[in-house]
Amino acid sequence: MTTRRPSFGAPLPAALNDADYALPGTLARRYMRCGKTNCRCKADPPVLHGPYLHWTRTVAGKTVTRTLTQEQANRYQPWFDNARRLRELTTELEARSLRVFLDAEG
Ligand SMILES: [Zn+2]
């Protein structure tokens, strides 16, 4: 009995080769309140501090946050974009693989 083998398709997308760097996690722009009682951030309406650029990622199961300057955020944005694009490609690749597997194996 021969088993119909699924096609394993093209090599990984060129995007993978083009992505020279990819930073994990997310970069968020946040406005915050501080701990001082008589601060403008406690006024009505509040004037919050920021924006702060918080890079959040998971390291050994723990969330690690690091604040970046605007200049750093600009400089590393392509690396965050690369990582996001790679996650999208992985999701697409897994969905396509699952379809092929289910077609072949039932
Ligand atoms: Zn404040």
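Above this note sits the structure.
Just so it is clear, the model here is predicted, and its values are computed rather than measured. (Residues numbered from 1 in each chain as written. Predicted model: local features only at pLDDT ≥ 70, side-chain atom pairs only at ≥ 80, totals over all residues. Heavy atoms only, no water.)

S.K.: Honestly, the sheet that holds strand β1 (residues 26–32) in this entry has me stumped. Any pointers?
M.R.: Strand pairing in a sheet takes place through backbone hydrogen bonds and is either antiparallel or parallel in direction. Across the sheet, which stays open at both edges, the three strands sit in the order β1-β2-β3 with antiparallel pairing between neighbours. Every interior strand has two partners, whereas the edge strands, β1 and β3 (62–68), have only one. When strand polarity is set aside, the average angle formed by the axes of neighbouring strands in this sheet is 35°. Bridging between β1 and strand β2 (residues 49–59) involves six bridges; their strand directions are antiparallel. By the bridge assignment, Met32 is partnered in β2 with His49. Across the face of the sheet, helix α2 (residues 70–105) comes into contact with β1, β2 and β3 while running at roughly 130° to β3. (Pairing = 2+ DSSP bridges. Helix = DSSP H or I, 4+ residues; strand = E, 2+ residues; numbered from the N terminus. Axes fitted to C-alpha atoms, helices over the stretch in contact; angles between N-to-C directions. Contact = heavy atoms within 4.5 Å.)

This is a description of form; function is not addressed.
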